[in-house]
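Summary of structural features
Letter by letter, the chains look like this.
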Amino acid sequence: MNFSVLHQQIKQQTDASLLMLIDNLPNYAPRLKDAMRHALLAGGKRMRPLLVQVVGNTLDVPKKDQMAISMAIECIHAYSLVHDDLPAMDDDDLRRGMPTCHIAFDEATAILAGDALQALAFSVLADAELSEFAQTKRSALLSVLAKNAGYAGMCGGQAIDLASTGKAISLDELRRLHTLKIGALLKACVEMITIASEGLSEQTKDDLMAFAADIGLAFQVQDDILDVEGSSEQLGKPAGSDQALGKNTFPAKLGLGGAKKELELLHNNALQALSRLPYNTDSLIAFSELLVKRDH
């Protein structure tokens with residue numbers, strides 16, 4: 001199957017599953033429910049579900065396990081964006097070309113929507129129908145999601161980002177920041193699929209996690225490059241917002257040319273990790289190409 005067709009198919013399946021997830025919630029807090037729907041379904045490339053399912057297909061993980069992991073990850077991702085956009089954080093009015101949740105609704109509702117989406121992620125993973133093998137690994141799946149979404153992952157990275165805004169930090173500190181803030185959830189996508197894959201060798205898991213680490217950091221480097229080179233129309237949010245906020249970015253630290261070299265190095269490292277796998281990795285290679293060459 002053509003990779004762009006696969007991407008579109010996974011996006012449509014994920015969107016439909018998330019819409020059903022929200023619509024099936026009781027309707028006693030309709031404004032909150034609408035805000036959750038807005039946050040989950042206001043566009044989005046679904047890169048994380050795509051990564052989950054490309055790795056899942058490569059390892060022949062059952063589709064229902066892939067979907068449960070995809071939906072849980074996407075609920076965490078959506079909650080993080082709602083909270084990142086708040087006035088106390090990045091104070092953004094646009095997300096994916098649409099009003100951010102606190103603009104479309106109000107600040108209190110946006111905070112609650114983020115809280116509810118985070119809780120929903122764990123409900124999905126705890127309660128979803130899984131394969132017989134994945135069922136025995138449910139607690140491990142929940143642990144990985146919690147670790148990578150919390151202090152040791154995304155939230156910790158966001159705290160470092162807030163603390164370092166307007167201050168100069170080293171390149172190693174910048175890499176650590178984004179390994180946590182951005183990379184942790186992408187690594188969780190891969191780690192949870194490897195947990196759900198029966199009979200996977202430790203070497204294969206290590207190689208997949210090395211790929212995930214490099215591609216996770218590459219994702220942020222490309223984001224930083226796009227913030228400099230992209231248009232607001234392409235990005236769906238104000239271009240140059242990182243620089244305006246005094247954020248530490250790879251172009252600010254390395255220059256635009258240096259950031260592009262960093263991106264190329266990370267991409268090449270990711271491809272080397274894939275070359276060691278005893279599988280057809282064409283879809284994973286295509287995913288990495290999509291990630292580093294996207295324009296929004």
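Below, the structure is looked at part by part. (Residues numbered from 1 in each chain as written. Predicted model: local features only at pLDDT ≥ 70, side-chain atom pairs only at ≥ 80, totals over all residues. Heavy atoms only, no water.)

Helix and strand counts for the chain come out as 16 helices and 2 strands. Compactness check: the chain gives a C-alpha radius of gyration of 18 Å against a globular reference of 19 Å for 296 residues, within 12% of the reference. Here the C-alpha coordinates of the chain stretch approximately 50 × 50 × 35 Å along the principal axes. Split into buried and exposed, the 296 residues of the chain put 52% on the buried side. In the chain, 72% of the contacts between residues at least 6 apart in sequence involve partners at least 24 apart. (Helix = DSSP H or I, 4+ residues; strand = E, 2+ residues; numbered from the N terminus. Rg over C-alpha atoms; globule rule 2.2 N^0.38 Å. Buried < 20%, exposed > 50% of the residue type's maximum accessible area, 1.4 Å probe, protein only. Contact = heavy atoms within 4.5 Å.)

Our next topic: unusual backbone geometry. Backbone phi values are negative for most residues with the exception of glycine, while trans is the configuration of most peptide bonds. Positive phi is not limited to glycine here, since D60 has a value of about 60 degrees. Topologically, D60 is positioned in the loop between α3 (47-58) and α4 (63-84). D60 sits in the exposed class, given a relative accessible area of 68%. Located in the positive-phi region is D91, a residue other than glycine, with phi close to 55 degrees. For D91, the location among the structural elements is in the loop between α4 and β1 (94-95). D91 gets classed as partly exposed once you look at its relative accessible area, which sits at 45%.

A separate point is helix α16 (residues 282-293). Between its terminal C-alpha atoms α16 stretches 16 Å, which fits the 16 Å expected from 12 residues at 1.5 Å a residue. What α16 keeps buried is the set L284, F287, S288, L291 and V292. Projection of α16 onto a plane perpendicular to its axis shows the buried side chains occupying an angular sector of 120 degrees, all on one side. Opposite the buried face of α16, at more than 90 degrees from it, the exposed residues are D282 and K293. (Expected span 1.5 Å × (residues − 1). Arc of directions from axis to C-beta.)

Now for the pattern of salt bridges. For the coordinates displayed, the defined rule picks out 15 salt bridges. In this structure, R276 engages D207 in a salt bridge whose closest nitrogen and oxygen atoms are separated by 3.0 Å. Here R276 is found in the loop between α15 (250-275) and α16, whereas its partner D207 is found in helix α12 (residues 202-229), with 69 residues between them in sequence. Classification of D207 as buried rests on a relative accessible area of 5%. (Salt bridge = Lys/Arg side-chain N within 4 Å of Asp/Glu carboxyl O.)

With that out of the way, let us pick up the state of the cysteines. Here the structure, examined in full by the defined rule, presents 0 disulfides. Residue C75 stays outside any disulfide, its sulfur separated by 13 Å from that of C189, the closest cysteine. Its sulfur unpaired, C101 is 13 Å from the next cysteine sulfur, which belongs to C75. (Disulfide = S-S within 2.5 Å.)

Let's shift gears to the side chain of T204. The topology assignment puts T204 in helix α12. Judged by its relative accessible area of 6%, T204 is buried. Of the polar contacts made by the side chain of T204, one reaches the side chain of S201; its length is 2.9 Å. Beyond its immediate chain neighbours, meaning those up to four positions away, T204 contacts L277, P278 and Y279. (Polar contact = N/O pair within 3.5 Å; in protein donor to acceptor, adjacent residues only side chain to side chain.)

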